[in-house]
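Okay, here's what each chain looks like letter by letter:
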Amino acid sequence: DAGITQSPRHKVTETGTPVTLRCHQTENHRYMYWYRQDPGHGLRLIHYSYGVKDTDKGEVSDGYSVSRSKTEDFLLTLESATSSQTSVYFCAIGTLQGNYGYTFGSGTRLTVV
Amino acid sequence: AQTVTQSQPEMSVQEAETVTLSCTYDTSENNYYLFWYKQPPSRQMILVIRQEAYKQQNATENRFSVNFQKAAKSFSLKISDSQLGDTAMYFCAFRPYYGGSQGNLIFGKGTKLSVKP
């Protein structure tokens, strides 16, 4: 839709394994975000980026790391997946212009067994 | 810290009727934006409507309108002539405005709306 894609769309992984989720944008936006969505919690911010190699922690960053080596790509890594990280993960791009809102990717459903 | 509260976890409405979803927020900022996002079963997050805090006039987008009460820190969404396609999770969200820098989008926990035929 607005040039933001996430991969994979679904993933099942085992406890203790590393997992990387990818977010790719074609909008050249400076700001990118990773959220997780859980029932009863809404969407909570994990990490965000305000430029290449510039990242910061959000509300629920423990157990997650991110990297942004190019403007268009923002990676979320679970170093050692746990069952509590079973969730739906959304990437978003944000703008300080226009409607000032975010545009979201289609989400990744991650199941840790 | 800024917080967003949606006090209605679930609501239902008959097709063609009007429903209002509630949202309150807490902030010490004077400049900010408020949003309502819709998440249908497809999981896609869709922006429904937004409101700038400095505007007194309530935003309207077709069948969707808001009642923004800045002093009360309230931002409710009214859906008129409800349609089956309005069935979705609705999230209220807040984003502070700092001029040239950004504030992160903060979400409420959501309200699950079911439109019944």
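Residues numbered from 1 in each chain as written. Chains lettered and ligands numbered in written order. Predicted model: local features only at pLDDT ≥ 70, side-chain atom pairs only at ≥ 80, totals over all residues. Heavy atoms only, no water.

Draft legend 1. Structural context of the overall build of chain A. For chain A, the helix and strand inventory stands at zero helices and 11 strands. Secondary structure elements of chain A occur, N-terminal to C-terminal, as β-β-β-β-β-β-β-β-β-β-β. Here the C-alpha radius of gyration of chain A, 13 Å, is about what a compact globule of 113 residues would show, namely 13 Å. Along the first, second and third principal axes, the C-alpha set of chain A runs to 40 × 30 × 25 Å. The 113 residues of chain A split such that 49% are buried. Taking the contacts inside chain A whose residues are at least 6 apart along the sequence as the reference set, 54% of them involve residues at least 24 apart. Seen as two clouds, the 11 positive and the 11 negative side-chain charges of chain A have centres 2 Å apart. (Helix = DSSP H or I, 4+ residues; strand = E, 2+ residues; numbered from the N terminus. Rg over C-alpha atoms; globule rule 2.2 N^0.38 Å. Buried < 20%, exposed > 50% of the residue type's maximum accessible area, 1.4 Å probe, protein only. Contact = heavy atoms within 4.5 Å. Lys, Arg positive; Asp, Glu negative; His and termini not counted. Charge placed at Lys NZ, Arg CZ, Asp CG, Glu CD.)

Draft legend 2. Structural context of the overall build of chain B. Helix and strand content of chain B: zero helices and 13 strands. Start at the N end of chain B and walk to the C end: the helices and strands fall as β-β-β-β-β-β-β-β-β-β-β-β-β. Relative to the 2.2 N^0.38 estimate, which gives 13 Å for 117 residues, the radius of gyration of chain B is 14 Å and therefore close to what a compact globule would have. Taking the principal axes of the C-alpha coordinates as reference, chain B spans close to 45 × 25 × 25 Å. Counting only contacts in chain B whose residues sit at least 6 apart along the sequence, the fraction spanning at least 24 positions is 56%. As displayed, chain B has an accessible area near 5,600 Å², and 46% of this comes from carbon and sulfur atoms. In chain B, 12 positive and 9 negative side-chain charges are present, and the distance between their average locations comes to 5 Å. (Areas by Shrake-Rupley, 256 points an atom, 1.4 Å probe, with all protein chains shown as cover.)

Draft legend 3. Structural view of the sheet that holds strand β3 (residues 19–25) of chain A. All names here are of chain A. With antiparallel pairing, four strands are arranged side by side in an open sheet as β1-β3-β8-β7. Two strands bound the open sheet, and with one partner strand each, they are β1 (4–7) and β7 (64–70). Each adjacent strand pair in this sheet contributes to an overall mean axis angle of 20 degrees, direction not counted. Bridge count between β7 and strand β8 (residues 73–78): five bridges; the pairing is antiparallel. Paired with lysine 70 across the two strands is aspartate 73, which belongs to β8. (Pairing = 2+ DSSP bridges. Axes fitted to C-alpha atoms, helices over the stretch in contact; angles between N-to-C directions.)

Draft legend 4. Layout of the environment of Gln57(B). With respect to the helices and strands, Gln57(B) occurs in the loop between β6 (46–52) and β7 (60–61). Taking the C-alpha atoms as reference points, Gln57(B) and Gln2(B), separated by 55 residues in sequence, lie 23 Å from one another.

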